[in-house]
Amino acid sequence: MKVDVLVIGGGSAGLAAAVTAARTGARTLLVERNGLLGGMGTAALVHTFCGLYLLDGDRAEIANPGISSEIAERMERATGLGPVKMGRVWVLPQHPVEFASLSDRLIREAGVDLLFHSELVSLEPGWRAEVVCRGARRVIEADSVIDASGDAVGAEFLMGAAEPTEAVRLQRPAYVCGVQGVSGELNSLELSGRIVEGMRAGALTKAALGMHFRASGRAGEIFGTLDLSGEEQGAYDPTDPACLSAIEVAGREVASQVVAYLRDHQRGWGGAYIAHWPIRAGVRESRRWRGRATLTGEEVLAGATHEDDVAWATWPLELRETNRGPKLRYLKDARAAGIPAGALQADGFERLFVAGRCLSCDHEAQASIRVMGTCFATGEAAGRMAVEGVPGGS
Ligand SMILES: Cc1cc2nc3c(=O)[nH]c(=O)nc-3n(C[C@H](O)[C@H](O)[C@H](O)COP(=O)(O)OP(=O)(O)OC[C@H]3O[C@@H](n4cnc5c(N)ncnc54)[C@H](O)[C@@H]3O)c2cc1C
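Just so it is clear, the model here is predicted, and its values are computed rather than measured. (Residues numbered from 1 in each chain as written. Predicted model: local features only at pLDDT ≥ 70, side-chain atom pairs only at ≥ 80, totals over all residues. Heavy atoms only, no water.)

**Digging into the site of the ligand**
Part 1 of the argument: Surveying the vicinity of the ligand reveals 32 residues, the closest of which are E32, M40, T48, R370 and M372.
Part 2 of the argument: Between the ligand and S12 there is a distance of 3.1 Å, counted from an oxygen atom to a backbone nitrogen or oxygen.
Part 3 of the argument: With respect to the ligand, the backbone of T48 contributes an N or O atom lying 2.7 Å from a nitrogen atom.
Part 4 of the argument: Against a free-state accessible area of 1000 Å², the protein chains account for coverage of 94% of the ligand.
Part 5 of the argument: Only α1 (12–23), β3 (48–49), β7 (119–124) and α9 (372–388) provide two or more residues apiece to the shell around the ligand.
Part 6 of the argument: Looking at the shell around the ligand residue by residue, the classes come out as 14 nonpolar, 12 polar and six charged. (Near = heavy atom within 4 Å. Polar contact = N/O pair within 3.5 Å; in protein donor to acceptor, adjacent residues only side chain to side chain. Areas by Shrake-Rupley, 256 points an atom, 1.4 Å probe, with all protein chains shown as cover. Helix = DSSP H or I, 4+ residues; strand = E, 2+ residues; numbered from the N terminus. Nonpolar A, V, L, I, M, F, W, Y, C, P; charged D, E, K, R; others polar.)

**A word on α1**
Note: α-helices contain 3.6 residues per turn, so residues at a spacing of three or four share the same orientation.
Part 1 of the argument: Between its first and last C-alpha atoms α1 spans 17 Å; for 12 residues at 1.5 Å apiece the expected length is 16 Å, and the two agree.
Part 2 of the argument: Along α1, 11 of the 12 residues are buried, which leaves the element largely enclosed by surrounding structure.
Part 3 of the argument: Looking only at α1, the buried set comprises S12, A13, G14, L15, A16, A17, A18, V19, T20, A21 and A22.
Part 4 of the argument: At the C-terminal side of α1, G25 shows a positive phi close to 105 degrees. (Expected span 1.5 Å × (residues − 1). Buried < 20%, exposed > 50% of the residue type's maximum accessible area, 1.4 Å probe, protein only.)

**Describing the pattern of salt bridges**
Part 1 of the argument: Tallying each qualifying case throughout the model produces 27 salt bridges.
Part 2 of the argument: The residue E156 makes a salt bridge to R287 at a minimum N-O spacing of 3.1 Å. With E156 in helix α4 (residues 153–157) and R287 in the loop between β14 (273–276) and β15 (288–289), the pair connects residues that are 131 residues apart, well separated along the chain.
Part 3 of the argument: A residue is classified by how much of its surface remains accessible, and R287, at 18% relative accessible area, is buried.
Part 4 of the argument: A salt bridge links E364 to R169, with the shortest nitrogen-to-oxygen separation between them at 2.3 Å. In this pair, E364 sits in helix α8 (residues 363–369) while R169 sits in the loop between β10 (162–163) and β11 (174–180), placing the two residues 195 residues apart along the sequence.
Part 5 of the argument: Look at R169 and you get partly exposed, because its relative accessible area is 26%.
Part 6 of the argument: Each of D227, R284, E318, R320 and R370 takes part in one network of salt bridges that share partners. (Salt bridge = Lys/Arg side-chain N within 4 Å of Asp/Glu carboxyl O.)

**As for the packing of α1 against helix α3 (residues 96–110)**
Packed helices, taken two at a time, are described by the angle their axes make and the gap between the axes.
Part 1 of the argument: Taken N-terminus to C-terminus, the directions of α1 and α3 make an angle of 20 degrees; their axes are 9 Å apart at the nearest point. If you check the angle between α1 and α3, you find them roughly parallel. Between α1 and α3 lies a crossing whose hand is left-handed. Every residue of α3 that contacts α1 at S12, L15, A18, V19, A22 and R23 is listed here: F99, S103, L106, I107 and A110.
Part 2 of the argument: In terms of residue class, the contact of α1 with α3 is built from eight nonpolar, two polar and one charged. (Axes fitted to C-alpha atoms, helices over the stretch in contact; angles between N-to-C directions. Parallel < 35°, antiparallel > 145°, perpendicular 65-115°, else oblique. Left-handed = near helix turned anticlockwise from the far one by under 90°. Contact = heavy atoms within 4.5 Å.)

**Brief notes about the domain arrangement of the protein**
Part 1 of the argument: When cut into domains, the protein gives domain 1 (2–166 + 285–388) and domain 2 (172–276).
Part 2 of the argument: Using C-alpha coordinates to define each centre, domain 1 is positioned 28 Å away from domain 2.
Part 3 of the argument: Counting residues at the interface gives 16 residues for domain 1 and 18 residues for domain 2.
Part 4 of the argument: Here domain 1 and domain 2 share an interface that buries about 1400 Å² over both sides, 55% of which is from carbon and sulfur atoms.
Part 5 of the argument: Scanning the region where domain 1 abuts domain 2 turns up two salt bridges.
Part 6 of the argument: The partner of R320 in a salt bridge is D227, with the nearest N and O atoms 3.7 Å apart.
Part 7 of the argument: At the surface where domain 1 touches domain 2, the tally comes to five residue pairs in polar contact (both at pLDDT 80 or more).
Part 8 of the argument: For the side of domain 1 that touches domain 2, the element with the highest residue contribution is α3, accounting for three residues. (Domains from an automatic or database assignment. Buried area = accessible area lost by both parts, 1.4 Å probe.)

**A look at the side chain of R287**
Part 1 of the argument: At a separation of 2.7 Å, a polar atom in the side chain of R287 contacts the main-chain carbonyl oxygen of D151.
Part 2 of the argument: Separated by 3.1 Å, the side chains of R287 and E156 make a polar contact.
Part 3 of the argument: Excluding its chain neighbours within four sequence positions, the residues that come into contact with R287 are G150, D151, A152, V153, E156, A162, T239 and C358.

**A look at the side chain of R194**
Part 1 of the argument: With respect to the secondary-structure elements, R194 resides in helix α5 (residues 188–200).
Part 2 of the argument: Of the residues examined, R194 reaches a relative accessible area of 19% and is grouped as buried.
Part 3 of the argument: Residue contacts for R194: discarding those within four places in its chain leaves Y261, L262, H265 and Q266.

**Overview of the packing of aromatic side chains**
Part 1 of the argument: Counted under the stated rule, the structure contains six aromatic pairs.
Part 2 of the argument: Centroid distance F49 to F99: 5.2 Å. Interplanar angle 85 degrees. Geometry classified as edge-to-face. Of this pair, F49 sits in strand β3 while F99 is found in helix α3, placing the two residues 50 residues apart along the sequence.
Part 3 of the argument: According to the relative accessible area criterion, F49 is buried, its value standing at 0%.
Part 4 of the argument: Measuring from centroid to centroid gives 5.1 Å for F213 and W269, while their planes differ by 70 degrees, and the two rings are edge-to-face. Of this pair, F213 sits in strand β12 (residues 211–215) while W269 sits in the loop between α6 (241–265) and β14; the two residues are 56 residues apart in sequence, bridging distant segments of the chain. (Phe/Tyr/Trp six-rings, centres within 6.5 Å; stacked < 30°, edge-to-face > 60°.)

Right under this line is the structure:
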């Protein structure tokens, strides 16, 4: 199979990259190992779009007009919910079910060729890639490649192209599940207090303290999010299958205990049950590409701009180096910071682009640029560069 642009991974970034490249006239193939698009926003049930809007302001202003605006509008129509201000940031509640469906439509309308259930297993300069579906290999030749895999899998195949973060600083994972059968208003503070009581009474383990709940916007439906340490069986390594397996099992075990406890002890929870598990636990940070430029947290905080900026980052540095909640560091005197084209270009390789949470940046900057609103924007920029070239470059 021969294409102009191969996009690896159909999360927020890959979706935007593939749609943009196809709309620009390129024959575009998107390969995704799951059977739905949206990445963490569907498979891990992450249910809020952050980074869509400029920081501060009396109204929600889209930071990166383009695909972000289209996705936001479609999501608002699907859920009936608009942007919400939380302190200095605006966010858009999103529903994973709607995200998967609107992604299918965007891909179909743009004319992207799509291979679900296809995992990239090799990548060689040229570009020649291999994907595996149910044991069968398929070779793909492409003029340009965009790695939007979240885990920089392409960098792993092209040895030494990834930038490691020390395990102890990696943003911690979380496990999100869907809960139904709860009646009445959701009082998050009261629920947290009840979980503490359960732990003190010896009915819940300490890990249960990481659980919090948010209404989905649909009658009777709640999302439960359990922040995990990632160290359920040793040092946290989001690329190690044994570590990932422990996270999945711990997520289900602790979430089940918490919901069972609340069923017996919390008003309105007598009929509560876990209605669905995610396809996978949520991983915030794993591998990142080493690019021609590396965006730093200091640049984001300073609202720095660069000559070759292709997208705006607006989300604060949301550091989650422990499972005891986020530490937020806001941009100073700026509503956005520039993301340079160089951070979306793999260092040392021609026509190899990268987008989303694995683009080239340091650990601190990743704590801002990983949010889905920003992933749409970097995906769109990578899709455009793959077809039209790099601004001001060859
Ligand atoms: C618990 C949690 C809470 C979060 N909260 C928020 C929030 O409230 N708001 C927000 O905006 N962001 C939030 N984030 C961050 C955000 O969800 C992610 O950083 C973002 O979705 C990343 O998008 P991406 O496209 O870069 O990668 P991903 O969403 O990880 O998508 C990568 C895709 O590539 C596919 N893939 C990977 N390897 C291969 C391969 N070899 N072959 C084929 N396909 C492959 C994967 O299956 C996946 O679909 C949260 C993240 C987590 C984990």
